[in-house]
Amino acid sequence: MLVSLSETVVIAPNFKKRLSGVTSTIVHLIPLQRAQGVHIATLGMGLPDYLPQLSWSSLGHLWKQPPGHPFRIWHARRNVEMIVGIIMRDILCMKVRLIFTSASQRHHKPLTRWLIRRMDRVIATSVRSSSYLKVPHTVIMHGVDLEYFTPPTTKKNEFLASGIPGKYAIGCFGRIRYQKGTDLFVDAMIALLPRYPEWTAIIAGRTTAKHQKFEKALKEKIAAANMMSRIIFLGEVRNVHDWYQHLTLYVAPSRNEGFGLTPLEAMASQTAVVTSDAGAYTELVGPGSGTVVPAGNGIALQKAIESYLADPIQTIAAGRIALAHVRSAFPLIKEVIAIHAVYNNLLMSSNKPKDALYNP
């Protein structure tokens, strides 16, 4: 949906064609931001057509002020987007100011540090990611769309309706690769499922060409264990929210992570979780809603998972606690309001009088 630059105050660039956690964040945030009255639009690729988008040619008009404001906000989430913003502001002298959201859980490389120092405002997505920033910043945790990710409401949402054998499902969703710990999940399932015949494991996510050998090795290991009917690969699915509803337990075994939204999505679907301590997982899992284990520790992961497989009734109860926890602490609107406060702070920092972008 093309929109006019004249009615846009905030630009959210997305300079990556393939789906990623950053892209998913933009997809879920922008409709709610628009609904809250923020004049925001995307620019880039790999985004659904229903999002408000600017044409590339509109960049040539960024020398003009938006109505009622001294500049527009360029909200970057990647290095390349920061670079483009700096060129527009500092070289081309366009009327833009720059915000960067950082989810990185490691020390930044010199280029990234240089870019971040040149931002007008910086947001960290977790306390852990904020610890790697050397500039003033605001911590705003990601939220989850509680209208999109919901508990099962009818029998067709339950696992028995999926057509896959078993009474209970345990899932691991996301890109198939070593970083995500998919092999740790597979090893745990090969060890545990023979002792828990009511459970079936589901793995969903895209495998890029670079990681196809990794996936092939996992499938060969599963076949050698005669577990192909108990550990199911779905590939990339578009209706992932439906598959969350089929689960009783969700596992996020990442070795390293930026933020990691999938545990929030699972908990919003009334599913208990077992996660590593990568990314922001430790900050997401509340008491009674799941278990966090050291990243890369397959033995600890297996023990944590087994405690849930051995007691499905308690696992279902943990899923209810998880749902209440996410609804209280991580609704997407909470993230939206906090981001708007940063926008307003930047807009109001100019010496010229202007209206706030958003008044919660």
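Residues numbered from 1 in each chain as written. Predicted model: local features only at pLDDT ≥ 70, side-chain atom pairs only at ≥ 80, totals over all residues. Heavy atoms only, no water.

Student: Would you take a moment to explain the overall build of the protein for this structure?
Tutor: Scanning the protein from N- to C-terminus turns up 12 helices and 12 strands. Whereas a compact globule of 360 residues would reach a radius of gyration of roughly 21 Å, the protein reaches 22 Å, a difference of no more than 12%. Its C-alpha atoms put the protein at 70 × 40 × 35 Å along the principal axes. Every one of the 360 residues in the protein was classed for burial, and the buried ones make up 54%. Surface summary for the protein: the accessible area is close to 16000 Å², and the carbon and sulfur share equals 56%. Of the charged side chains in the protein, 41 are positive and 23 negative, and the gap between their average positions amounts to 7 Å. (Helix = DSSP H or I, 4+ residues; strand = E, 2+ residues; numbered from the N terminus. Rg over C-alpha atoms; globule rule 2.2 N^0.38 Å. Buried < 20%, exposed > 50% of the residue type's maximum accessible area, 1.4 Å probe, protein only. Areas by Shrake-Rupley, 256 points an atom, 1.4 Å probe, with all protein chains shown as cover. Lys, Arg positive; Asp, Glu negative; His and termini not counted. Charge placed at Lys NZ, Arg CZ, Asp CG, Glu CD.)

Student: Help me understand the packing of aromatic side chains in this model?
Tutor: For any pair of aromatic rings, the description rests on two quantities: the centre-to-centre distance and the angle between the ring planes. Applying the stated rule across the entire model yields 8 aromatic pairs. Ring geometry for Phe149 and Tyr244: centres 5.7 Å apart, planes at 80°, overall edge-to-face. With Phe149 in the loop between strand 6 (138-139) and strand 7 (168-173) and Tyr244 in helix 7 (residues 240-246), this pair connects stretches of sequence that are 95 residues apart. Taking relative accessible area as the criterion, Tyr244 reaches 1% and is therefore assigned buried. (Phe/Tyr/Trp six-rings, centres within 6.5 Å; stacked < 30°, edge-to-face > 60°.)

Student: Help me understand the pattern of salt bridges, please; the structure alone is not making it clear to me.
Tutor: Pairing between side chains of opposite charge can happen when the charged atoms of each approach one another. Counted according to the given criterion, the structure contains 9 salt bridges. Among the salt bridges present, the one from Asp187 reaches Lys221, with a minimum N-O distance of 2.9 Å. Of the two residues, Asp187 is situated in helix 5 (residues 182-192) and Lys221 in helix 6 (residues 212-224); the sequence distance between them amounts to 34 residues. Owing to a relative accessible area of 38%, Lys221 belongs among the partly exposed residues under this scheme. As a salt-bridge pair, Glu236 and Arg206 come within 3.9 Å of each other at their nearest N and O atoms. You can see Glu236 sitting in the loop between strand 9 (231-235) and helix 7 and its partner Arg206 sitting in the loop between strand 8 (199-204) and helix 6, a full 30 residues away along the chain. One network of salt bridges, with partners in common, ties together Arg89, Asp90 and Asp120. (Salt bridge = Lys/Arg side-chain N within 4 Å of Asp/Glu carboxyl O.)

Student: Sorry, what's going on with the nonpolar core here?
Tutor: Note on soluble globular proteins: their nonpolar side chains tend to be buried together. Ile170, Met189, Leu249 and Ile305 are the most contacted members of the largest nonpolar core, which totals 32 residues. Breaking this core down by element, the ones donating at least two residues are strand 7, helix 5, strand 8, helix 6, strand 10 (249-252), strand 11 (272-276) and helix 10 (298-309). Apart from the residues lying within four places of it in its own chain, the contact partners of Ile170 are Phe185, Met189, Trp199, Thr200, Ala201, Ile202, Leu247, Leu249, Val251, Ile305 and Leu309. Core analysis: the next-biggest nonpolar cluster, separate from the first, contains 28 residues, Phe159, Ala204, Ala280 and Ala322 among them. (Core = buried A, V, L, I, M, F, W, Y, C linked by side-chain atoms within 4.5 Å. Contact = heavy atoms within 4.5 Å.)

Student: I keep staring at the sheet that holds strand 10 and nothing clicks. Help me out?
Tutor: As a general point, the strands of a sheet are linked pairwise by backbone hydrogen bonds and lie either parallel or antiparallel. One open sheet holds the 6 strands; their spatial order is 9-8-7-10-11-12, and the pairing between them is parallel. A single partner strand is all that each edge strand has here, and the edge strands are strand 9 and strand 12 (290-293). Recorded for the sheet is a direction-independent mean angle of 20° between the axes of neighbouring strands. Relative to strand 10, strand 7 runs parallel, the two being bridged by 2 bridges. Along strand 10, the bridge assignment pairs Ile170 with Leu249. (Pairing = 2+ DSSP bridges. Axes fitted to C-alpha atoms, helices over the stretch in contact; angles between N-to-C directions.)

Student: Even after reading the chapter, I still don't get the environment of Leu54, so can you show me in this structure?
Tutor: Positionally, Leu54 belongs in the loop between strand 2 (40-44) and strand 3 (72-76). Put simply, Leu54 and Thr182 are 128 residues apart on the chain and 38 Å apart in space, counted from C-alpha to C-alpha. The residues touching Leu54, leaving out its near neighbours within four places in the chain, are Leu2, Val3, Ser4, Leu5, Thr8, Ile11, Ala41, Thr42 and Leu43.

Student: Would you mind showing me how to read the sheet that holds strand 6 here?
Tutor: Read across the sheet, 6 strands follow the order 2-1-3-4-5-6 without closing on themselves; strand pairing throughout is parallel. At either margin of the open sheet sits one strand with a lone partner, and together these are strand 2 and strand 6. For strand 3 and strand 4 (residues 96-102), the ladder comprises 5 bridges, and the chain directions are parallel. If you follow His75 over to strand 4, its bridge partner there is Ile99. Helix 1 (residues 21-35) rests against strand 1 (10-14) and strand 2 of the sheet, and its axis sits at about 150° to strand 2. Of the strands in this sheet, strand 1, strand 3 and strand 4 are in contact with helix 2 (residues 79-91), which crosses strand 4 at around 165°.

Student: Quick question: what am I supposed to make of helix 2 here?
Tutor: Side chains three or four residues apart in an α-helix point the same way, a direct result of the helix having 3.6 residues per turn. Between its first and last C-alpha atoms helix 2 spans 17 Å; for 13 residues at 1.5 Å apiece the expected length is 18 Å, and the two agree. Contacts from the buried residues of helix 2 go to strand 1, strand 3, strand 4 and helix 3 (110-117). Immediately downstream of helix 2, the backbone of Cys93 shows phi near 55°, a positive value. (Expected span 1.5 Å × (residues − 1).)

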